[in-house]
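The chain contents come next:
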Amino acid sequence: MKKLLLILSIGACMLGMSSCDTRPNVIGEWQGNIKGEMPGTATSNLTATYAFNRDGSVTASYLVNFTEAAAPNDSLISPYQISVSGTAMVNGKWQYVEGEDDEIAIVYDMTTLKVQIDPEAVKMQANVITDQQAPKLDDMMPALVSKYTHMVENYFKQTPTVVWDDVKVKKPILRYEIGHDNYLLQQVAASADE
């Protein structure tokens, strides 16, 4: 009888722990390219790094690269493209969604959002039609840096809360979905206590 009770109690303990054990372990640092279609850009590319901590905090850092078509005007007879590079970083909190084993909710604190556009990386490319050399941007640089900083800030402020669905971790790969889009991240650093 004692053996039966012992076996039943061990089984109950294992069942009780199974829901926590089936949750994906996202603790650590993950990196990958993510879909980022910034309004007003011809092309955009975001490389994201997410650092998930056991205390429920998360830091998201991004390398941001995009091009914008510069429309013809009095000083530009035909269209050029301006390429822009910079970084963005924001802190937040994360948690598993109640009642779900494969969903993570992330709430960003937009007061911590920092965007930096590198003036050296704001370049006008050769004319896309005539291949004519691009004009210099020196005089316009402060206004362009300000414009692109606000553009990137507004892009990130659109989604202060996000839910990752169908999260699966098979180290060193983390897969998840947002809406109907699939994402893949690679682990670049494990947590210190793993």
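As a reminder, the structure under discussion sits directly above these lines.
Let me sum up the structure you'll find in this document.

The rules behind each value
Residues numbered from 1 in each chain as written. Predicted model: local features only at pLDDT ≥ 70, side-chain atom pairs only at ≥ 80, totals over all residues. Heavy atoms only, no water. Helix = DSSP H or I, 4+ residues; strand = E, 2+ residues; numbered from the N terminus. Buried < 20%, exposed > 50% of the residue type's maximum accessible area, 1.4 Å probe, protein only. Contact = heavy atoms within 4.5 Å. Areas by Shrake-Rupley, 256 points an atom, 1.4 Å probe, with all protein chains shown as cover. 1 Å grid on protein atoms, 1.4 Å probe; cavity = no way out; pocket = protein on both sides within 12 Å on 5 of 7 lines; lining within 4 Å. Points joined across faces, edges and corners; volume = space filled by probe spheres on them. Nonpolar A, V, L, I, M, F, W, Y, C, P; charged D, E, K, R; others polar. Expected span 1.5 Å × (residues − 1). Phe/Tyr/Trp six-rings, centres within 6.5 Å; stacked < 30°, edge-to-face > 60°. Salt bridge = Lys/Arg side-chain N within 4 Å of Asp/Glu carboxyl O.

1. Some remarks on the overall build of the protein chain
The secondary structure content of the protein chain amounts to two helices and nine strands. Across the 194 residues in the protein chain, those meeting the buried criterion constitute 36%. Partitioning the contacts of the protein chain with sequence separation of at least 6, the portion at a separation of at least 24 is 59%. If you sum the accessible surface of the protein chain, you get close to 11800 Å²; carbon and sulfur atoms cover 56% of it.

2. Overview of the layout of surface pockets
Put simply, the largest pocket is a space of about 420 Å³. If you trace the largest pocket, you find 20 residues lining it, with I34, K35, Y155, T159 and I178 closest to the centre. Looking at the lining of the largest pocket, the elements with two or more residues in it are β2 (43-52), β5 (104-117), α2 (141-157), β7 (161-170), β8 (173-178) and β9 (181-190). Along the lines of polarity and charge, the residues of the lining of the largest pocket split into 14 nonpolar, three polar and three charged.

3. Observations regarding α2
End to end, α2 covers 24 Å across 17 residues, agreeing with the expected 24 Å (1.5 Å per residue, within 8%). Every buried residue of α2 is accounted for by M141, L144, V145, Y148, T149, M151, V152, E153, Y155 and F156.

4. Brief notes about the packing of aromatic side chains
Following the criterion strictly, the structure yields 11 aromatic pairs and no others. Geometrically, the ring pair formed by F52 and W94 is edge-to-face, given 5.5 Å between the ring centres and 85° between the ring planes. In this pair, F52 is assigned in strand β2 and W94 in strand β4 (residues 80-96), connecting sequence segments 42 residues apart. W94 matches F52 in its accessibility class, with the two residues each being buried. Centre to centre, the rings of Y62 and F156 are 4.6 Å apart; their planes meet at 40°, and the pair counts as tilted. Of the two residues, Y62 is situated in strand β3 (residues 57-70) and F156 in helix α2; the sequence distance between them amounts to 94 residues. Per residue, the accessibility class of Y62 equals that of F156, and both read buried.

5. Remarks on the pattern of salt bridges
Taken as a whole and assessed by the stated rule, the structure comprises three salt bridges. D181 serves as the salt-bridge partner of K35, at 3.5 Å between the closest nitrogen and oxygen. Linking K35 in the loop between β1 (28-34) and β2 with D181 in strand β9, this pair joins segments that are 146 residues apart in sequence.

6. Regarding unusual backbone geometry
Omega for the peptide link from K171 to P172 comes to 15°, which places this bond in the cis form. With respect to the secondary-structure elements, P172 resides in the loop between β7 and β8. With a phi angle near 50°, D166 is a residue other than glycine that sits in the positive phi range. If you trace the backbone, D166 turns up in strand β7.

Any link to function would need more than the numbers given here.
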